[in-house]
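Residue-level structural notes
Spelled out, the chains give:
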Amino acid sequence: MSEENIKVRVTNLTKKFGDLLVLDDISFDVKQGEFLCIVGPTGCGKTTFLNSLTKLYDLTAGEILINGEPVDLKKHNIAYILQEYSAFPWLTVEENIKYGLKIKKFSAEEIQKRADEVIEMVGLKDYLSYYPDQLSASMLQRVVIARAFAVQPELLLMDEPYGQLDVSLRFKLEDELIRLWKKTGTTVIFITHNIEEAVYLSERILVLTNKPTKIKKEINNPLPRPRDVTAEDFVAIRNHVTDLIKWW
Amino acid sequence: MKKKFVGEKAEKTIYAILAIATFFLAWAFITTFTAAKETTPGPIEVLKLLVTSFFQPIGRYTVYGHLYYSIRRVLIGYTVATVLGIIVGLSMGTSRYAEAIIKPIFEMIRPIPPIAWIPLVILWFGVGELPKYAIIFIGSFTNVTLNAYTGAQRVDPTLVGCARMLGTSERDIFLRVILPSSMPQIFAGMQVALSTAWMAVLAAEMIGAQEGCGWIILRGSDTTNIPLVLVGMVIIGVVGLFLATIMRMAERKVCAWNRMDV
């Protein structure tokens, strides 16, 4: 991997909560425009990792660089999509989607233009004046995805964003995500415990160990798209990842 | 759906009218057929006095004048209490230091009734309008503050994290996340504070007042004119109800997002 192609560089990342070692000396790089999935057993510190990346937690040791610089949320354009519904309940769908653009002080025309684009992409056109309380789970998650894509993030972090959705909705939103990712060329770090989801979405998969968490293995995933979850090579990769994180 | 809503509204109104009518009937019954008639005036007598007081002054003013003074006192004391209460409450809810410093003092002062402050307030502000605003302020400040405090404490940390991630400054986190998220709680506090502000009117108008709804009650009490006392009580009740209704309408507008199921 050439140096200028690296979007995120994680070196010797270590995080302790008191005496409990959660992340143990993790190092890896993420390429510009790459779709990276991180999988691991439940409770292995996946979320701790993302929270360290976004500076919600202070690091115990190590370093995280974006474009070769330490993370600065004011400077780096990062969007974060969580499993919990995080649309602002007091804003309408449209206001939610425009929120990040307003914060970043884009011109009114630019805000409208970008909002219209993402609204079209996620199909929320008929619900602009609705409040989150009036929406279904999948629509809520679309609002959050639209809000994230509207700011055209250089880095998109997703923490089990579809964990609470049923299978058919998940498939739909996964395809939508791939479409948006291809269109925008943003770098995505996607955390999930769902192996099939990881193989379906990613270009590369990092498999984590149980606590204290290390990287167990890195798997390249060159399968052509659109992917077929029943295809032989798909199943082979899925089984391989499953074997790696099996604890039984 | 709409039809059902209208139906429910009409039903509620009917119940409200029935409840109030029953109250007045019970009052009339008790003051006509029981020993209470010796001491307590009935609704008709009070109503007559109320109606005349719109034309004939009680003391210096008719009811309009008294209403003007009381409403002005309540609104000034209450508005200052609301603004300061929101600021103090949200600061307590968002800053550990503010909480650690303000909360103990606050908890200590909170149980002291507004009336107890009268001597001090007179000493500080004399007997003009200022001490009256101060008493009403004291009567309403706590409720707004405590509710704003609870509201700020209950803000979903996920939302704060998301806002921060989208590059929101600390100032904007306060204005765009914590404040709107606390609004329903703040309104609940403002609603309670509005009633306690009216309760404090009586205490406020004990301070050298020559006018006001509280003063009407005090005047009636001093001259053992019980119908006059009741006229003062009825006026405070009705105006309080009126203001609370306006407040509820404002809440529906501001916190529309929080009432989706209503």
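Every chain's residues receive numbers from 1 upward, in the order its sequence appears when written. Each chain gets a letter, beginning with A, and each ligand a number, beginning with 1, in the order they are written. Local features in a predicted model are, by the rule used here, given only for residues with pLDDT of at least 70; side-chain atom pairs are given and counted only at 80 or more, and totals for whole chains, interfaces and linings are based on all residues. The basis for the side-chain values is all heavy atoms of the structure; hydrogens and waters are excluded.

1. Side note on the sheet that holds strand β4 (residues 61-66) of chain A
Residue and element names in this part refer to chain A. Any two strands are treated as partners once DSSP identifies two or more bridges connecting them. Think of it this way: any DSSP run of H or I at least four residues long counts as a helix, any run of E at least two long counts as a strand, and we number them from the N terminus. Sheet architecture is open: four strands sit in the order β2-β1-β4-β5, paired in antiparallel fashion. Among the strands making up the open sheet, the edge pair consists of β2 (20-31) and β5 (69-70). In this structure, strand β1 (residues 6-17) lies alongside β2, joined through eight bridges in antiparallel fashion. Its bridge partner being in β2, Phe 17 is matched across the sheet by Leu 20. On top of the sheet, helix α1 (residues 46-53) reaches β1, β2 and β4; it is set at about 115 degrees to β1, its chief contact. Only heavy atoms matter for contacts: two residues are in contact if any of them lie within 4.5 Å across the pair. Axis geometry follows a simple rule: fit a line to the C-alpha atoms, using only the stretch in contact for helices, then measure angles between N-to-C directions, giving values from 0 to 180 degrees.

2. Some thoughts on the domain arrangement of chain A
Residue and element names in this part refer to chain A. What marks off one domain from the next here is an automatic or database domain assignment. By domain assignment, chain A separates into domain 1 (3-77 + 153-245) and domain 2 (85-152). The straight-line distance from the C-alpha centre of domain 1 to that of domain 2 is 24 Å. Interface area for domain 1 against domain 2, summed over the two sides, is near 1,400 Å², with a carbon-plus-sulfur share of 65%. Put simply, buried area is how much 1.4 Å-probe accessible surface two parts lose in total, over both of them, once they are put together. On the domain 1 side of the interface with domain 2, the three residues burying the most area are Asn 77, Pro 153 and Leu 180, jointly 33% of the side's total. By definition, a salt bridge exists where a carboxyl oxygen of Asp or Glu is found within 4 Å of a side-chain nitrogen of Lys or Arg. Our count for the contact surface shared by domain 1 and domain 2 stands at one salt bridge. In this structure, the salt-bridge partner of Glu 176 is Arg 142, at a minimum N-O distance of 4.0 Å. Polar contacts, as counted here, are pairs of nitrogen or oxygen atoms within 3.5 Å of one another; within protein the pair requires one atom able to donate a hydrogen and one able to accept it, and residues that are adjacent in sequence qualify only if both atoms are side-chain atoms. Summed over the shared surface of domain 1 and domain 2, the number is four residue pairs in polar contact (both at pLDDT 80 or more). The element that contributes the greatest number of residues to the side of domain 1 that touches domain 2 is helix α5 (residues 167-184), accounting for ten residues. Following the grouping adopted for this structure description, the nonpolar residues are Ala, Val, Leu, Ile, Met, Phe, Trp, Tyr, Cys and Pro, the charged ones are Asp, Glu, Lys and Arg, and the polar ones are all others, Gly among them. Looking at side-chain class alone, the side of domain 1 that touches domain 2 contains ten nonpolar, four polar and five charged residues.

3. A closer look at the interface of chain B and chain A
Between chain B and chain A, the residue contacts involve 18 residues of the former and 22 residues of the latter. The contact between chain B and chain A buries some 2,000 Å² in all, and 74% of this surface belongs to carbon and sulfur atoms. Looking only at chain B, the three residues that lose the most surface to chain A are Met 165, Leu 166 and Trp 257 of chain B, adding up to 39% of its buried area. Between the two partners, chain B and chain A, sit zero salt bridges. Those elements giving two or more residues to the side of chain B that touches chain A turn out to be α7 (157-165) and α8 (170-204) of chain B. Looking at the side of chain B that touches chain A, the element that brings in the most residues is α7 of chain B, giving six residues. The residue makeup of the side of chain B that touches chain A, split by class, is ten nonpolar, five polar and three charged.

4. As for the domain arrangement of chain B
Residues and elements named next belong to chain B. The domain boundaries assigned to chain B delineate domain 1 (1-40) and domain 2 (41-258). Taken together, the contacts link six residues of domain 1 with six residues of domain 2. For the pair domain 1 and domain 2, the summed buried surface comes to about 480 Å²; carbon and sulfur atoms form 78% of the total. Seen at the junction of domain 1 and domain 2, the total is zero salt bridges. Split by residue class, the side of domain 1 that touches domain 2 holds three nonpolar, three polar and no charged.

5. Quick notes on a positive patch on the surface
All names here are of chain B. Here a patch means residues that are over 30% exposed by relative accessible area and free of salt bridges, tied together within 9 Å if like-charged and within 5 Å if nonpolar (Val, Leu, Ile, Met, Phe, Trp, Tyr). Every accessible area reported is derived by Shrake-Rupley at a probe size of 1.4 Å, with residue values counting cover from the shown protein chains alone. All tallies of charge rest on Lys and Arg as positive and Asp and Glu as negative; His and the ends of each chain are not included. One atom stands in for each charge, and that atom is NZ of Lys, CZ of Arg, CG of Asp or CD of Glu. On the surface, a cluster of positive charge is made up of Lys 9, Lys 12, Arg 248 and Arg 252. Every element with two or more residues in the positive patch is listed here: α1 (2-33) and α10 (226-254). With respect to the element layout, Arg 248 can be found in helix α10. Burial classification: accessible surface area is computed with a 1.4 Å probe over protein chains only, and a residue below 20% of its type maximum counts as buried, one above 50% as exposed, and the rest as partly exposed. Residue classification places Arg 248 among the partly exposed positions, given a relative accessible area of 39%.

6. Digging into empty space enclosed by the protein
Residue and element names in this part refer to chain A. Grid points spaced at 1 Å and placed over the protein atoms alone form the basis of the search, with a cavity being a set where a 1.4 Å probe fits but cannot get out and a pocket an open set showing protein on both sides within 12 Å along at least five of seven lines. Lining residues have an atom within 4 Å of a point. Grid points are joined across faces, edges and corners, and a volume is the space filled by probe spheres set on the points. Counting across every chain of the model gives one cavity of 30 Å³ or more. The volume enclosed by the largest cavity comes to roughly 30 Å³. If you go around the largest cavity, the residues you meet are Ile 26, Phe 28, Ile 38, Phe 49, Leu 206 and Leu 208. Elements represented by at least two residues in the lining of the largest cavity include exactly β2 and β9 (204-208).

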